[in-house]
Amino acid sequence: MIELDKQSLPLFPEDDWFCAKVEVKSPEGDIYSFPVYRWIADSKVHRFKDGKGLGNCAHLKSCSNHCRCKTKFVMRLKQFPNTAQNPIFLPSEMNVLFCFRLTELKLKGLDNRKEKWDNIDSINRVFCCKNTEISEYVQEHWKEDAFFGYQFLNGVNPILIQCCTTLPSNFPVTDDMVFPRSRCDLADEMKKGNIFLCDYKLLDGVKANTINGKKQYLMAPLVLLHKPPDNKLMPIAIQLKQTPSDDNPIFLPTDSEYDWLIAKIFVRSADFNHHQLNAHLLRTHLLAEVFAVSLLRNVPMVHPLYKLLKLHTRYTLQINFLARRLLISEIGAFTQFASSGGEGMFTILKRSVSSMTYSSLCMPDDIAERGLEAVPNFYYRDDGLKVWDIIHRFVQGMLGYYYKSDSEVQQDSELQKWILDIFEHGFFSQAETGIPQTFTCVTELVKFVTMVIFTCSAQHAAVNSGQYDYGGWMPNTPISLQLPPPTTKGTTSEATMLATFPDVNVTVQGMATMWLLSKQSSDFVPLGQYPEEHFIEEIPRKILKDFQMELEDLSLVIKARNKRLEVPYTYMDPAELENSVAI
């Protein structure tokens, strides 16, 4: 162990010191390495152990209190996981800048215009101020059924779609509706695995926002899709409310152009709100915060788990604090401008927490449970499962080096406190979620840590990085809608669609927020890169090198595949995956 203290010098101002590591050469010529990677901001004595940490070894205990961060959970109502306290108390190295980009998007002046859009060309002129290759494709193809179906697989919310083997009782679709002039029938197609369902029941009955003094509308649709022989997933029926009734028609591709288009627009708006609060905020940001706070509270710096996960928690606490202040507070952009902002947000989060399970967070289990193993053109699944497997091999190698038996896992009190804190504060001690309360074996530990790293890196990228690509063109992803859906068919027009869209200021606030959240952080660290040298032993360093090489190989495969695709899928490319939830 070494002791470090930063002494003040006369006539010199106080200055914080960031110490990366200390190396000590003994009289015999041996080199001892002490990873620190901490700001030292006071004159107290700080103690650090050498980098050869072993799980729960007795000699680690003497420095545990000096190597943990004093971070606390703040108790919340049982609506979303408990979170960290004000980041003024957080480690200084977690600070990161966060600002909105209305100026960068050249949207200044539009953010106060509370009028409706008068035509599509006006939306286009704003959109052209800043676009991407994919957002341009979206603008050209957003009305097409094939692209509508594609987004359920490879857009920013790929976690909702599931194979449909039995129609829900509240979705009375008939063969005559969906296969009027075809030999197909629903029963046979469901048996073949060709029918898919997206059910937004989490949004049912949610109180919609009031924006610019006007009531907004948020539906809870059911969407039925069919995979024909050409393998392009096509929507075949949309019901916009959960309860069937005469004023809640089932919209079909054979309906009038604007009846069908407006039904799809309501689905896309519902998808935005479902995605932001469930897939994005809860299942990546808030969970990553629970993992990080429990790590800082319970696991000393010398512990192998701390070394393995520290870089996967980088900036997460600070970015989440800023998001709570600037996005979902009473004056936040989401609260003010999204249809689920305000009271509705808490209803959706509470329901989402109640529906969250361990298996839904583990990609191989989730894909199997949703019956999507054989769906073609599902690049989120294809790339994600490969990333999961690479991370799993890496974690297995690392933890297998430190834990030689299941009993060593069971006896590691710091490891057990870490998972218990997660179970209690992230999942409110609900055993039915499947989240372990203790670790009983190495295999169980490896799977859980794989899930943590995957959630903080790959899964966050999958639901975050494409937000502006798919949402920059507002008609494809309206953050709110201000007319109710049609209750009878044949009453809609282009004017109806324009009147339904959000106002100008709501549109540009949504564009600015999605642009910001999609931007790569200025000091981006890709998955697999560990700039801080916490692992100093030869075998862990070799395992880390193999991990990096596997990720590089997968990146090349994905890039080669994307060259052949009309719409490239880049969100699971290891070269584009941030190590942590850092934006």
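Basis of the calculations
- Residues numbered from 1 in each chain as written.
- Predicted model: local features only at pLDDT ≥ 70, side-chain atom pairs only at ≥ 80, totals over all residues.
- Heavy atoms only, no water.
- Phe/Tyr/Trp six-rings, centres within 6.5 Å; stacked < 30°, edge-to-face > 60°.
- Helix = DSSP H or I, 4+ residues; strand = E, 2+ residues; numbered from the N terminus.
- Buried < 20%, exposed > 50% of the residue type's maximum accessible area, 1.4 Å probe, protein only.
- Lys NZ or Arg CZ within 6 Å of the ring centre and 35° of its normal.
- Pairing = 2+ DSSP bridges.
- Salt bridge = Lys/Arg side-chain N within 4 Å of Asp/Glu carboxyl O.

J.: What should I look at first to understand the packing of aromatic side chains in this one?
T.: To describe a pair of aromatic rings, one takes the distance between the centres and the angle between the planes. In this structure the tally under the stated criterion is 20 aromatic pairs. Note on Phe291 and Phe448: the rings are 6.2 Å apart at their centroids and 80° apart in plane angle, and the pair reads as edge-to-face. Of this pair, Phe291 sits in helix H7 (residues 257-298) while Phe448 is found in helix H17 (residues 442-464), placing the two residues 157 residues apart along the sequence. Each member of the pair, Phe291 together with Phe448, is buried. Geometry around Tyr217 places Lys215 over its ring, the cationic atom sitting 5.2 Å from the centre. Sitting above the plane of the Phe148 ring, Lys264 keeps its charged end 5.8 Å from the centroid.

J.: How should I be thinking about the pairing of strand E11 (residues 222-226) in this particular structure?
T.: Taken residue by residue, a regular strand's side chains alternate between the two faces of the sheet. In terms of burial, E11 is a largely internal element, five of the five residues being buried. For strand E8 (residues 195-199) and E11, the ladder comprises five bridges, and the chain directions are antiparallel. Among the inter-strand pairings, Ile195 is bridged to a residue of E11, identified as His226. As paired elements, E11 and strand E12 (residues 234-239) share five bridges and run antiparallel to each other. When the sheet's bridge partners are listed, Val223 is paired in E12 with Ile238.

J.: For this particular structure, what's the right way to read the pairing of E12?
T.: Most of E12 is tucked away, with five of its six residues classed as buried. As judged from the two bridges shared by E12 and strand E13 (residues 250-251), these two strands associate in the antiparallel manner. Bridging from a neighbouring strand, Gln239 pairs with Ile250 of E13.

J.: Help me out: how do you make sense of the pattern of salt bridges in this one?
T.: When charged atoms on two side chains of opposite charge get close, those side chains can pair. Scanning the entire structure with this criterion turns up 22 salt bridges. The partner of Lys264 in a salt bridge is Asp145, and the shortest N-O contact between them spans 2.6 Å. You can see Lys264 sitting in helix H7 and its partner Asp145 sitting in helix H4 (residues 145-154), a full 119 residues away along the chain. Residue Lys264 shares its accessibility class with Asp145, and that shared class is buried. Asp383 is paired through a salt bridge with Arg561; the nearest N and O atoms lie 2.7 Å apart. A residue pair is termed long-range when its members are at least 10 positions apart, and Asp383 in helix H14 (residues 379-402) and Arg561 in helix H21 (residues 538-562) qualify at 178 residues. Accessibility assignment for this pair places Asp383 and Arg561 in one class, buried.

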